[in-house]
Amino acid sequence: MTVTSRPITDPPVGERAEQTGRTDWHGFIRLARLRFLLYNLLPVGLAVAVSVHQGYPLHLGWYVLAQLFAWTVHLMTHYCNEYFDLAADRANVYFTPWTGGSRALVDGLVPPVVALGTAFVLAAVAQLMIVAMPDWPTRLAATAAVVLAWFYTAPPGRFNYRGLGEVTVAAILNGLWPMVAVLLQTGTVPVLLLAILAPTALLQTVRMMVMNLGDRRSDEQVGKRTVPVIIGYDRAVRVIVTAQPVAYAALTGFALAGWVPWLVWAPMMATAPISGWLVLRLRRGDMRDLDQRRMTPVVFWASNHVSLIVGAAMLGVLLDAARTGADGDALTLLGAVLAGYVGLFAHRLWLAGRTRPTSAPVDHR
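So, here is what we can say about the structure in this document. (Residues numbered from 1 in each chain as written. Predicted model: local features only at pLDDT ≥ 70, side-chain atom pairs only at ≥ 80, totals over all residues. Heavy atoms only, no water.)

In terms of regular secondary structure, the protein is built from 17 helices and zero strands. Within the protein, the proportion of its 365 residues that are buried is 57%. Within the protein, counting contacts between residues at least 6 apart in sequence, those at least 24 apart form 79% of the total. About 15000 Å² of surface is accessible on the protein, with carbon and sulfur atoms providing 65% of the total. (Helix = DSSP H or I, 4+ residues; strand = E, 2+ residues; numbered from the N terminus. Buried < 20%, exposed > 50% of the residue type's maximum accessible area, 1.4 Å probe, protein only. Contact = heavy atoms within 4.5 Å. Areas by Shrake-Rupley, 256 points an atom, 1.4 Å probe, with all protein chains shown as cover.)

See the structure below:
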């Protein structure tokens, strides 16, 4: 994961694509930030695994639609965010491969209007998918996901500029997307799915706080009031640190209550060491001075911590479903999806090990 730093882009350079009207297609693809779309396999797959666990048959067509819908809305969000976050991204000289946007608009590779236009096209595609959904509860949940995703940065909502961005991301990724997927399969939302999603949504919320810690100085400069900007660095770290044991304690409480099988609880709890590592890094101040070399591992593992606990939940659900004699073909398909994610994650981890972050000049104002 190579980390670079550069001065804030001068307007003539940053607006090069806008002035010429030309789009660099490599830059256009960079805007998509495809690495983040890998996560979507997990909440959708988890929801479908829960439906199989509950004895419902696997409806492959609805599974595919749910997955395509999640990817479409996620891509829409990226292109929309790049347009409406351009001022914040231009001010950000502390970016890492995981924070600060794709830099494609900042580097003048793509006209901003192309990013916005692409977001509108993807929003229209998402709406067509919603029309194809079979009932109103599913359509309403899917529409809520699109609305929250669009107004995450777009006016008049601009949730991430008003201290609501972190919880909005959790509501979509660890709430509405899996709810849409399970509604398409079953027409209802099982308690098991809600009990799994609740602690992961908390971790997703504070994971976004970690990401925003790295952007806090530039965000403050442009009036982007994320939670770390509003409450300050030290309080934000305390909230993130406190949330880690709370999430795992809630998961254990749900298991004791019988809402989460112990075979699901065990692999989810196995991710706790990552949580402990994050706590140690945050307490020693790795995000304090906006040093990209120290920040990059923290934001990498904060992001993948949530992925891994959702993936662990999916593994546990599949194992428990197999124990109770659920549909073997459905379990094989879902197991292959999970194995594919693990393989791609291992490749990402290998790439991260090959490229060490390099130290960059840091402004300690």
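Take the environment of Arg294 next. Looking at the element boundaries, Arg294 is found in helix α16 (residues 292-323). Expressed as a C-alpha distance, the spacing of Arg294 and Arg281, which sit 13 residues apart in the sequence, is 9.0 Å. Apart from residues no more than four positions distant in its own chain, Arg294 is found in contact with Arg284, Gly285, Asp286 and Asp289. Of note is the side chain of Arg294, whose polar atom sits 2.8 Å from the side chain of Asp286. (Polar contact = N/O pair within 3.5 Å; in protein donor to acceptor, adjacent residues only side chain to side chain.)

Helix length check: helix α8 (residues 136-150) (15 residues) gives 21 Å between terminal C-alpha atoms against 21 Å at 1.5 Å per residue, within 8%. Buried within α8 are the following residues: Thr138, Arg139, Ala141, Ala142, Ala145, Val146, Ala149 and Trp150. Taken end-on, α8 shows its buried residues confined to a sector of 165°, consistent with a single buried face. Opposite the packed face of α8, turned more than 90 degrees from it, sit the exposed residues Trp136, Pro137 and Leu140. The elements touched by buried residues of α8 are α5 (60-84), α7 (112-132) and α9 (165-186). (Expected span 1.5 Å × (residues − 1). Arc of directions from axis to C-beta.)

In this structure, Met208 sits in helix α10 (residues 191-214). Met208 sits in the buried class, given a relative accessible area of 9%. Once the C-alpha coordinates of Met208 and Ser303 are considered, the two residues, 95 residues apart in sequence, prove to be 8.0 Å apart. Beyond its immediate chain neighbours, meaning those up to four positions away, Met208 contacts Tyr152, Glu166 and Val169.

A word on unusual backbone geometry. With an omega dihedral of 5°, the bond running from Pro155 to Pro156 counts as a cis peptide bond. Here Pro156 lies in the loop between α8 and α9. Although it is not a glycine, Arg33 sits at a positive phi angle of roughly 50°. Tracing the backbone through its elements, the reader meets Arg33 in the loop between α3 (25-32) and α4 (41-53). A positive phi is found at Leu290, a non-glycine position, where the angle reads about 55°. With respect to the helices and strands, Leu290 occurs in the loop between α15 (272-283) and α16.

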